[in-house]
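Observations on chain architecture
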Amino acid sequence: MASTAGISVAVREPPSDPCPVCSGNEWRVQKSVPHLGKSLTHGQFAARETVHYCANGCRHPNGNLVTRRQAALTDLLVPRRSVSYDVMVFVGRKRFLERYQREEIRTALRHEYGITVSTGELSDLMKRFVAYLARLHGSRSEALKAALTSDGGWPMHVDATGEHGRGTLFVVMAGWRRWVLGAWKPATENAELLLPCLRQTVQRFGAPCAAMRDLGRAVTPAIAGLVEELGLSIPVLACHQHFLADVGRDLLKPSHGTLCELFKRTKVRSKLRDLVRELGRKLGKSIEKAREAVRDWQQMAGAGHRVPSGLAGLAVVRAIGQWTLDYPADASGLDFPFDRPYLDLYERCRVALRATDAFLRTPPQDRKVASALKRLRRRLLPVASEVPFRQLAERLRRRAALFDEMRGVLRLAAEPREDDTEQDLAHMRRRLDEWVASLEERRPQRGPAQDIREAIDVILKHIEDHGENLWGHAIPLPEAVGGGVRLVSRTNFLLENRFKHIKHGERRRSGRRILTKDLEDLPADAALVDNLTLDDYVEIVCGSLDQLPKAFAQLDREQREQQLNGMPPPEVDDVESVLQIATASLSTPDRRVVRTRAMDRRMLAAAGSRAPKPQI
Ligand SMILES: [Zn+2]
């Protein structure tokens, strides 16, 4: 032991309470058990624990001898571990809330508390923390449900996230409270696997007053199934953001994809990059001066469209190339189809080409600069072609304009607002109806405008399919909670934001950009941890964050008592096992088994063996 200082508990204390069976007060020493422990308050310590048994040899209803361990230790240490509850909570909070890396957590424990934990112990504690939190969440479900009921119900937000189709995380959130009520990792995203998750949530927290979902092929039927099964008459709302994105993808993806292909085939981007790099090398050590020259040149707009001579000229040509390639700067930060990066690149190429033509009208005196400028022009030139570049970009622009009109009507320009009023929504709905009616009028019946007709049909089809799920956000509250109306958020933004937060945190923690593995390894219930940032949630489950270790210890105490009383262990969560049913893809737990050398050897041996010779 590094240190045995600290603990001063009387671990030989005879029990002060009577035997629960015979009410006798006479206890005898059964055995003495050594412990090595680590806790935030005691540091690392060694202790011998004296265990007593009832002098009358009484037994619990389950048959076990009535014994007494030392409460000072059982309330401190996680069962079958040498670590205290508070160390586990410390590790969990650092890992999941503060997104510390492993080494950072180990260092903090060593420096602040003089505690050493191995990496294996650390992983174990992280997993255990999440599992304890999930148990606590479940054990407090009645109190959580009461709070939801006192709000007049809870709108169910449902969404799934993943990374490259793996490690799907499926989450149900109570919208008004922003609590995650449940999180699972189905082997694949399909309705049969999602429905049991929804069912379990309703069993624990009561039926929702509305449902908000994306347009997904799995979530949509799963919610429809739940609503039917429970005989609910609640609005099932499609997230406006997802709806818009869906329309946008169908409108823009084909031409945007073709434009992307076109850029790749003509190598416009890579050729521009090469030129920029080459010019950078030429500038070499003078790069700082060159930057200054570019800044000066930018200020001389009145001096006509000229490019200076010498290094300054090369620096300007290089800057034009860099500007062209900097099209991500035009992005609003939302993904496709809200941003159209290749259309942005196209527009920048067109601008750069026109500018270069202008600069060549009064060619630079310096032959080297003139030649660099001409080379830049040649690399941009493909985008000037009528077919295929211009026609394609034109079509994309027209469709994008139509899409942006719709976005304007639904007022989802950037982050959706959370302060819409009932009137806002009614107004928005009217405007959407008017706009749809105007589309029908604008739809060219025949003639050359075939593309715009098709585009309008795409929009009308989406309105037809999803129109009835777009409205109904105003939820009348029961008289019991004061009546009135409360709005459900128009989007799943709250939930999406939570996903983004999780992914961002994982990225920062792991230093990896691709999170496939990280998300696969992350237990689903880790999505519950963010609830600990919400005061109302924390108050219900454990009073305050400082009380979390105590709440965990109490869970174990209750479980021990139940076991001794011969009560069945708490209902086993069978949803998890349902979720891992073999499907087309190999889930992580399956893969840990299947993708092993032992399995390989077994298979190869079997494959290489010969059939027994027939007996004659
Ligand atoms: Zn007894």
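Notes on the structure follow. The structure displayed is predicted, hence computed values, not measured ones. Sequence order as written defines the numbering, with residues in each chain counted from 1. For a predicted model such as this one, the threshold for reporting local features is a pLDDT of at least 70, and the threshold for listing and counting side-chain atom pairs is 80 or more; totals across whole chains, interfaces and linings nevertheless cover every residue. Note that the side-chain values use all heavy atoms of the structure and ignore hydrogens as well as water.

1. Comments concerning the side chain of serine 39
What counts here: Only runs of H or I of at least four residues qualify as helices and only runs of E of at least two qualify as strands under DSSP, and these elements are numbered from the N terminus. Any pair of N or O atoms that falls within 3.5 Å is considered a polar contact. Within protein, one atom must be able to donate a hydrogen and the other to accept it, and sequence-neighbouring residues count only if both atoms are side-chain atoms. The contact rule is simple, with two residues in contact once any of their heavy atoms fall within 4.5 Å.
For serine 39, the location among the structural elements is in strand β1 (residues 27-39). A polar atom in the side chain of serine 39 sits 3.3 Å from the side chain of threonine 41. In terms of polar contacts, serine 39 uses its side chain to reach the backbone amide nitrogen of histidine 42, at 2.9 Å. The residues touching serine 39, leaving out its near neighbours within four places in the chain, are Phe45, Leu76, Ser84, Asp86, Val87 and Ile115.

2. Points about the nonpolar core
Where we set the bar: We call a set of buried Ala, Val, Leu, Ile, Met, Phe, Trp, Tyr and Cys residues a nonpolar core when their side-chain atoms join them within 4.5 Å. Relative accessibility decides the category of a residue: with a 1.4 Å probe and only protein chains considered, values under 20% of the type maximum give buried, values over 50% give exposed, and everything between is partly exposed.
Among the nonpolar cores identified, the biggest contains 79 residues, and Leu109, Phe129, Phe170, Leu198 and Phe552 are the most heavily contacted of them. Considering every element that reaches this core, the biggest residue donor is helix α4 (residues 119-139), with 9 residues. With sequence-adjacent residues up to four places away left out, phenylalanine 129 is seen in contact with Met88, Val89, Gly92, Arg93, Phe96, Val529, Leu532, Leu548 and Phe552.

3. Structural notes on unusual backbone geometry
Backbone torsion omega between phenylalanine 336 and proline 337 reads 5 degrees, so that peptide bond is classified as cis. By the secondary structure assignment, proline 337 is in the loop between α11 (310-325) and α12 (341-361). At the junction of valine 387 and proline 388, the peptide bond is cis and its omega measures out at 0 degrees in the coordinates. By secondary structure assignment, the location of proline 388 is in helix α14 (residues 386-409).

4. Considering the coordination of the zinc ion
Each pair of donors in an ideal octahedron of six around a metal sits at 90 or 180 degrees, and each pair in an ideal tetrahedron of four sits at 109.5 degrees. Inclusion rule: A donor here means an N, O or S atom no more than 2.8 Å from the metal, or no more than 3.2 Å when the metal is Na, K or Ca. Since water is not included, a site may seem to lack partners. Between 85 and 135 degrees for all angles marks four donors as tetrahedral; over 155 degrees for opposite donors together with 65 to 115 for all other angles marks four donors as square planar and six as octahedral; every other arrangement is irregular.
Coordination of the zinc ion by the protein involves Cys19 (SG), Cys22 (SG), Cys54 (SG) and Cys58 (SG), with metal-donor separations of 2.3 to 2.4 Å. Coordination at the zinc ion comes from 4 donor atoms whose angles at the metal span 104 to 114 degrees, giving a geometry best classed as tetrahedral. Using a relative accessible area of 30% as the deciding quantity, one classes cysteine 22 as partly exposed.

5. Quick look at the environment of arginine 340
Relative to the elements of secondary structure, arginine 340 occurs in the loop between α11 and α12. Using a relative accessible area of 11% as the deciding quantity, one classes arginine 340 as buried. Measuring from C-alpha to C-alpha, the distance between arginine 340 and aspartate 330 comes to 9.3 Å, with 10 residues separating the pair along the chain. Among the polar contacts made by the side chain of arginine 340, one reaches the main-chain carbonyl oxygen of phenylalanine 338 at a distance of 3.5 Å. Looking at arginine 340, its side chain comes within polar contact range of the side chain of aspartate 404, at 2.9 Å.

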